[in-house]
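So the chains spell out like this:
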Amino acid sequence: MINSTITSLNSTNCYYMSIDNGAYFYMDNSEISYAGISLIDKEKSGLWINTSNVVINASRMHHNLCGMYIIDSYNNTIANNLIFDNTFAIYVEHTNSTIFANNKIINNDHGLFLIYSFNNTIKHNVISNGDYGIVLGFSHDSNIVNNTISNCKEKGIELIASYNNAIVNNTLSECAFAVYLHQPTVVYTHLPESNIFVKNTFSANSEGNILIGNTITHNRYGIALQDSHYNAVINNTLVDNYYGITIDASKNNILVNNVIIRNQYGITLQDSYYNTIINLSLIHISEPTRPLYISYAVFCL
């Protein structure tokens with residue numbers, strides 16, 4: 001599919017495309033719009049891809065229910081595309097060893113959503129003006145690197161029961177939660193644990209993570225530890241957030257060498273125990289440190 005345009009006659013969502021297992025699909029400098037008739041029936045959600053070794057390059061997807069739905073697939077390259085005004089920009093399920101690079105994903109409700117997928121690379125994408133940026137659900141051993149995510153009403157990067165992922169050098173701003181990790185109510189085998197965060201913007205809800213060297217700006221919550229234990233938060237700089245660091249129902253975390261500048265609240269603790277805070281710098285804070293209810297921490301300033 002090269003230099004092609006597929007759309008509906010009257011700009012309504014009245015058709016869908018299905019690429020079945022075993023097919024070869026290459027799309028370059030093309031456009032798909034107004035595709036998808038159902039989000040319940042996944043195969044009819046827009047461009048449905050159930051084959052491997054797919055290449056989608058320098059193309060445009062807009063006003064679809066789902067820009068592309070990739071399932072049971074591997075070894076794909078999705079790069080240099082403009083994806084806008086869809087309900088889901090990219091939905092990925094049971095898909096591995098795929099590269100998502102240099103895409104502009106704008107004005108979609110959901111940006112890039114991966115579930116039950118591993119060994120994928122998400123790099124150099126620009127995602128803005130949606131509810132969610134990048135979501136990993138029950139996924140592992142993937143890299144999220146050098147992405148720019150802004151103006152998300154909910155979460156910039158969300159990890160749901162996902163582990164062994166590297167989230168490195170991403171820039172996130174103007175999100176309700178920059179990065180949010182959590183475990184669903186139902187207990188699964190893997191907690192969101194052993195993820196590595198370097199030079200990002202985020203908040204967290206999990207165990208056993210190391211949050212180091214991040215710059216966190218212009219979010220409602222900079223770092224939020226909620227029901228989170230045994231995390232290390234080291235050498236982070238938080239600037240111009242409403243809440244700098246929030247610790248809620250959490251214990252045995254260690255915070256070292258963090259700098260909090262021009263946040264409305266510096267550190268807020270609630271129902272938290274046995275946390276250690278060392279070498280904290282608070283600069284131009286309206287409410288520097290506030291313990292709420294019963295909280296215990298060791299401060300070494």
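Located above this text is the structure these notes cover.
These numbers come from a predicted model, not from an experiment. (Residues numbered from 1 in each chain as written. Predicted model: local features only at pLDDT ≥ 70, side-chain atom pairs only at ≥ 80, totals over all residues. Heavy atoms only, no water.)

Enquirer: Whenever I open this one, the side chain of asparagine 258 confuses me. Can you help?
Expert: Topologically, asparagine 258 is positioned in the loop between strand E29 (254–256) and strand E30 (259–261). Apart from residues no more than four positions distant in its own chain, asparagine 258 is found in contact with Val233, Ile234, Asn235, Asn236, Ile245, Asn279, Leu280 and Ser281. (Helix = DSSP H or I, 4+ residues; strand = E, 2+ residues; numbered from the N terminus. Contact = heavy atoms within 4.5 Å.)

Enquirer: Help me out: how do you make sense of the pairing of strand E28 (residues 243–248) in this one?
Expert: Within a regular beta strand, the side chains point alternately toward one face of the sheet and then the other, so they alternate between its two faces. Taking burial as the measure, the 6 residues of E28 include 5 buried ones, the bulk of the element. Pairing of E28 with strand E31 (residues 265–270), which is carried by 5 bridges, proceeds in the parallel orientation. Looking across to E31, one finds that isoleucine 245 is bridged to isoleucine 267. (Buried < 20%, exposed > 50% of the residue type's maximum accessible area, 1.4 Å probe, protein only. Pairing = 2+ DSSP bridges.)

Enquirer: When you look at the environment of valine 239 in this model, what are you seeing that I'm missing?
Expert: Counting through the fold element by element, valine 239 comes out in strand E27 (residues 237–239). Here the alpha-carbon distance between valine 239 and isoleucine 260, two residues 21 residues apart in the chain, equals 6.1 Å. When sequence neighbours within four positions are dropped, the list of residues in contact with valine 239 reads Ile216, Thr217, His218, Ile261, Arg262 and Asn263.

Enquirer: Help me understand unusual backbone geometry, please; the structure alone is not making it clear to me.
Expert: As a rule of thumb, non-glycine residues mostly have phi less than zero, and peptide bonds are mostly trans rather than cis. Of note in this structure, histidine 124 is not a glycine but carries a positive phi near 55°. Tracing the sequence through the fold places histidine 124 in the loop between strand E15 (121–123) and strand E16 (126–137). Not every positive phi belongs to a glycine, and asparagine 169 is a case in point at roughly 55°. Turning to its location among the elements, asparagine 169 is positioned in the loop between strand E19 (166–168) and strand E20 (171–173).

Enquirer: Help me understand the sheet that holds E27, please; the structure alone is not making it clear to me.
Expert: The strand order across the open sheet formed by 4 strands is E24-E27-E30-E33, and the pairing between neighbours is parallel. Edge positions in the open sheet fall to strand E24 (215–217) and strand E33 (281–283), since each of these has one partner strand only. Geometrically, the sheet is characterised by an average inter-axis angle of 10° between neighbouring strands, direction not taken into account. Here 3 bridges tie E27 to E30, and the two strands are oriented parallel to one another. Bridging across to E30, leucine 238 finds its partner in isoleucine 260. (Axes fitted to C-alpha atoms, helices over the stretch in contact; angles between N-to-C directions.)

Enquirer: Help me out: how do you make sense of the packing of aromatic side chains in this one?
Expert: Here a ring pair, both rings aromatic, is described through the centre-centre distance and the interplanar angle of the planes. Evaluation of the coordinates by the stated rule reveals 10 aromatic pairs. Between phenylalanine 88 and phenylalanine 113 the ring centres are 6.2 Å apart and the planes differ by 90°, which places this aromatic pair in the edge-to-face class. Taken as a pair, phenylalanine 88 in strand E11 (residues 88–96) and phenylalanine 113 in strand E14 (residues 110–115) lie far apart in primary sequence, 25 residues in all. Each member of the pair, phenylalanine 88 as well as phenylalanine 113, carries the same accessibility label: buried. An angle of 70° between the planes, with centres 5.0 Å apart, marks the rings of tyrosine 242 and tyrosine 243 as edge-to-face. (Phe/Tyr/Trp six-rings, centres within 6.5 Å; stacked < 30°, edge-to-face > 60°.)

Enquirer: I'm lost on the side chain of asparagine 170 in this one. Help?
Expert: When you line up the elements, asparagine 170 lands in the loop between E19 and E20. A polar contact is formed between the side chain of asparagine 170 and the backbone nitrogen of asparagine 146, at a distance of 3.3 Å. (Polar contact = N/O pair within 3.5 Å; in protein donor to acceptor, adjacent residues only side chain to side chain.)

Enquirer: What is the right way to look at the state of the cysteines in this model?
Expert: As used in these notes, a disulfide is a covalent bond between sulfur atoms, one from each of two cysteines. Throughout the structure, instances matching the rule amount to 0 disulfides. Cysteine 175 takes part in no disulfide bond, and the closest cysteine sulfur to it belongs to cysteine 152, at a distance of 4.1 Å. (Disulfide = S-S within 2.5 Å.)

Enquirer: Just to check I follow, could you spell out the pattern of salt bridges for this structure?
Expert: If the charged atoms of two oppositely charged side chains come close together, the side chains can form a pair. Following the criterion strictly, the structure yields 4 salt bridges and no others. As a salt-bridge pair, lysine 44 and aspartate 41 come within 3.8 Å of each other at their nearest N and O atoms. Assessed through its relative accessible area of 29%, lysine 44 is described here as partly exposed. With a closest N to O distance of 3.1 Å, glutamate 93 and lysine 42 form a salt bridge. One end of the pair, glutamate 93, is in strand E11; the other, lysine 42, is in the loop between strand E4 (31–33) and strand E5 (46–49), and 51 residues separate them in sequence. (Salt bridge = Lys/Arg side-chain N within 4 Å of Asp/Glu carboxyl O.)

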